[in-house]
There are 2 protein chains.
Amino acid sequence: MRQAGRSLPEYRSLREGIGMLDSCLNPPIATEITLQPVRRHGVDAAIFFSDIVVPLRLAGVDVDIKPGVGPVMDQAYRTPEDVARLVERTLDDDALAPIREAVALTVAELGGTPLIGFGGAPFTLAAYLVEGRPSRDHLAARTLMHADPQTWDRLVAWTADLTGAFLRAQVLAGASAVQLFDSWAGSLSLADYQARVAPSSARALSAVAGLRAVANVPAGADLSAGGPGDGDGDGTGDGAGVGVPAIHFGTGTGHLLGAMRDVLTTAGIADRTVGVDYRTPLDEALALVGDGVSLQGNIDPALLAAPWDVLEAHVRDVVARGAQAPGHVVNLGHGVPPETDPAVLTRVVETVHAL
Amino acid sequence: MRQAGRSLPEYRSLREGIGMLDSCLNPPIATEITLQPVRRHGVDAAIFFSDIVVPLRLAGVDVDIKPGVGPVMDQAYRTPEDVARLVERTLDDDALAPIREAVALTVAELGGTPLIGFGGAPFTLAAYLVEGRPSRDHLAARTLMHADPQTWDRLVAWTADLTGAFLRAQVLAGASAVQLFDSWAGSLSLADYQARVAPSSARALSAVAGLRAVANVPAGADLSAGGPGDGDGDGTGDGAGVGVPAIHFGTGTGHLLGAMRDVLTTAGIADRTVGVDYRTPLDEALALVGDGVSLQGNIDPALLAAPWDVLEAHVRDVVARGAQAPGHVVNLGHGVPPETDPAVLTRVVETVHAL
């Protein structure tokens, strides 16, 4: 569960006085934060604690995360000259050392529990760069992709390479799967997504396609719960043999689910999972993504604060609707709300395990 | 075009030193702001300058619009007791006097140009009340509808009656059509929308169903451009004879378009228009809403800042895709961005008129 930490008192006490990006880049802290929800809730996999803009910081972009605001850049990057200066920056292998170290520490602590690597999708990164800060409609980014497609394509190729290197470092250090997180893709029409975004997302994921996870996946293990398949369409559970599984997730992406599956395919990912937010029932999502693709999701975070019988019925419904997929990574359909009672999350995990 | 004003220097100068809600409740100011984009751009209809939360203020709820934040209430209304106290408030006919006055003034100034009335949908109003302020995911509102459906239903029945009375007052004072604006409906699954939101939206619109527009509609006139039908499915252009036309709009509602059409039908609106945001091409929207329903939309606001040839091609494409609908109210697929060059909007209107 992404952002499970922020509902935990042990997370809030660990983060006290330490900025978000500083936490991400401090290996013992990033490791501890990654482990906290696993210890607390007994989930079947950990998700690496990081932030979408970490690769930007590592490439030397002046970005900070302001509490209550989000990522703020030193400037908005939206002219051809801005972008030309930006793409000269590279994400060196040396800069990724704290990421490798945190992943290796985490994997060692996790024992048999797999670690899912995490990275932001090229469009979402580019949207932050072009706007210079969070925005509701990502207007400047969407303007740029139409007004100057060449500059746009140059920008997202660069953010794709950054995120690709970031994910690749995590897999080489021991992550058993990756998740590419496109927070803002839902603001796009299908046509814009396919023409100006999907190619860069595929470019990012191709950096890990075919890589074997090096640790923590017991032979024959399957990261997805609920089915014997591994999502590669051959109907067998050949685990890490086909390269690391990849999950591609966004919110408000009901109209993009098929295109997001195509991104995974184009990237050469054999074990494909599409993440589905709480708006689209999983049986409908499955009809959209087709056979051979696993699903992740999609418990509605709003129901975590509802009475238990309401939440339990919803959890059972989600699991039942996902049962026909080759694999189903049971998860929330969005991040954990900060005010969530951690005991409720634990009970959800127990309920899913008992089904 | 909703929020066309905020890109105009004459709007900014008129608003200087006057709060948003004070502007809405001052008839000469609301009239002038409503007229400004009509004078500037020569559009075929005006949309009444107001705000979604105006009926709340008129019913005595302590709400203000903070610049850069949005509507902020004195408290979050989320317990059964909060809601019970709220629904005791009524929106008296007297309180609506400044609205009637502004509409009457506007209609007199507009001459033959029709005025479209404006009101926020019950869900969006309820989301502000339950959260107490703007929020990204409307979690507390979505929690309440599942945790305590009875309290939720009581709340949205009340906001529906408020908005219904607000729209009705506008029509009786001379508005030729109404638009029900559900800003946040896109955050809902179809199932939640149908069960806990659609009935209240229909309740709001039923307050104007069958009302005849009293002014400004020339005999046989049709508010929608592009077809002889009036959207009532009988294939004739019987104009105001079937009651005021109603437009139902939301953003991110591609998965809800059919359900939003059903709201219009259930309300008893004969001349139905579904507003479509920029994400869904109008030919696809038409396939979703079916025959006999007109469309509004859906020029992408992001393209207003693109080079003219890019924008012009997009405008032509929007008009072409909407051509098969019984009527097409050419409009933006979302509000006008504040930094838009007004000359570009004028040129868009000229281009559409020349097609």
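Just so it is clear, the model here is predicted, and its values are computed rather than measured.

Next up on the list: the overall build of chain A. Check the secondary structure of chain A and you find 15 helices and 9 strands. Its C-alpha atoms put chain A at 55 × 45 × 40 Å along the principal axes. Looking at chain A as a whole, 60% of its 355 residues qualify as buried. Within chain A, residue pairs in contact and separated by at least 24 positions form 74% of the contacts whose partners lie at least 6 positions apart. Accessible area of chain A: about 12600 Å², with a carbon and sulfur share of 51%. The averaged location of the 42 negative side-chain charges in chain A is 4 Å from the averaged location of its 26 positive side-chain charges.

Moving on, we get to the nonpolar core. Ranked by internal contacts, the top residues of the largest apolar core, which has 116 residues, are V53, L56, W152, L155, Y193 and L205 of chain A. If one sorts the elements of this core by residue count, helix α9 (residues 149-172) of chain A sits on top with 9 residues. When neighbours within four sequence positions are excluded, W152 of chain A is seen to be in contact with F123, A126, V130, A141, L144, M145 and R196 of chain A. Among the nonpolar cores identified, the runner-up in size contains 114 residues, and M1, Y128, A177 and A259 of chain B belong to it.

Below, the discussion takes up the sheet that holds strand β6 (residues 246-250) of chain B. All names here are of chain B. Strand order in the open sheet made by the 7 strands is β1-β4-β5-β6-β7-β8-β9, with parallel pairing throughout. Edge positions in the open sheet fall to β1 (46-47) and β9 (328-332), since each of these has one partner strand only. In this structure, β6 lies alongside strand β7 (residues 272-275), joined through 3 bridges in parallel fashion. Its bridge partner being in β7, A246 is matched across the sheet by R272. Contacting β7, β8 (294-299) and β9, helix α13 (residues 282-289) runs over the sheet at an angle of about 150° to β8.

Another aspect to go through is the packing of helix α3 (residues 27-41) of chain A against helix α6 (residues 97-110) of chain A. All names here are of chain A. At a closest axis distance of 8 Å, the pairing of α3 and α6 adopts a crossing angle of 40°. Viewed along their axes, α3 and α6 adopt a mutual orientation that is oblique. The element α3 and its partner α6 pack so that their crossing is right-handed. Between α3 and α6, the residues in contact are P27, P28, A30, T31, T34, L35 and V38 and P98, E101, A102, L105, T106, E109 and L110, respectively. Looking at side-chain class alone, the contact of α3 with α6 contains 9 nonpolar, 3 polar and 2 charged residues.

It is worth spelling out the relation of the copies chain A and chain B at this point. For the pair chain A and chain B, the relating rotation is 180°, the translation along its axis is 0.0 Å, and the fit reaches an RMSD of 0.0 Å. Within this description, the copies of the chain are treated as partners about a two-fold rotation axis. Interface residue correspondence from chain A to chain B reaches 100%, placing this contact among same-surface, isologous pairings.

With that settled, consider the sheet that holds strand β6 (residues 246-250) of chain A. Within a beta sheet, neighbouring strands are joined by backbone hydrogen bonds and run either parallel or antiparallel to one another. Residues and elements named next belong to chain A. Strand order in the open sheet formed by 7 strands is β1-β4-β5-β6-β7-β8-β9, and the pairing between neighbours is parallel. Because the sheet does not close on itself, it has two edges, and the strands there are β1 (46-47) and β9 (328-332). The pairing of strand β7 (residues 272-275) with strand β8 (residues 294-299) spans 3 bridges and is classified as parallel. Within β8, the residue paired with V274 across the bridge is L295.

Analysis parameters
Residues numbered from 1 in each chain as written. Chains lettered and ligands numbered in written order. Predicted model: local features only at pLDDT ≥ 70, side-chain atom pairs only at ≥ 80, totals over all residues. Heavy atoms only, no water. Helix = DSSP H or I, 4+ residues; strand = E, 2+ residues; numbered from the N terminus. Buried < 20%, exposed > 50% of the residue type's maximum accessible area, 1.4 Å probe, protein only. Contact = heavy atoms within 4.5 Å. Areas by Shrake-Rupley, 256 points an atom, 1.4 Å probe, with all protein chains shown as cover. Lys, Arg positive; Asp, Glu negative; His and termini not counted. Charge placed at Lys NZ, Arg CZ, Asp CG, Glu CD. Core = buried A, V, L, I, M, F, W, Y, C linked by side-chain atoms within 4.5 Å. Pairing = 2+ DSSP bridges. Axes fitted to C-alpha atoms, helices over the stretch in contact; angles between N-to-C directions. Parallel < 35°, antiparallel > 145°, perpendicular 65-115°, else oblique. Left-handed = near helix turned anticlockwise from the far one by under 90°. Nonpolar A, V, L, I, M, F, W, Y, C, P; charged D, E, K, R; others polar. Least-squares fit on C-alpha atoms with pLDDT ≥ 70 in both.

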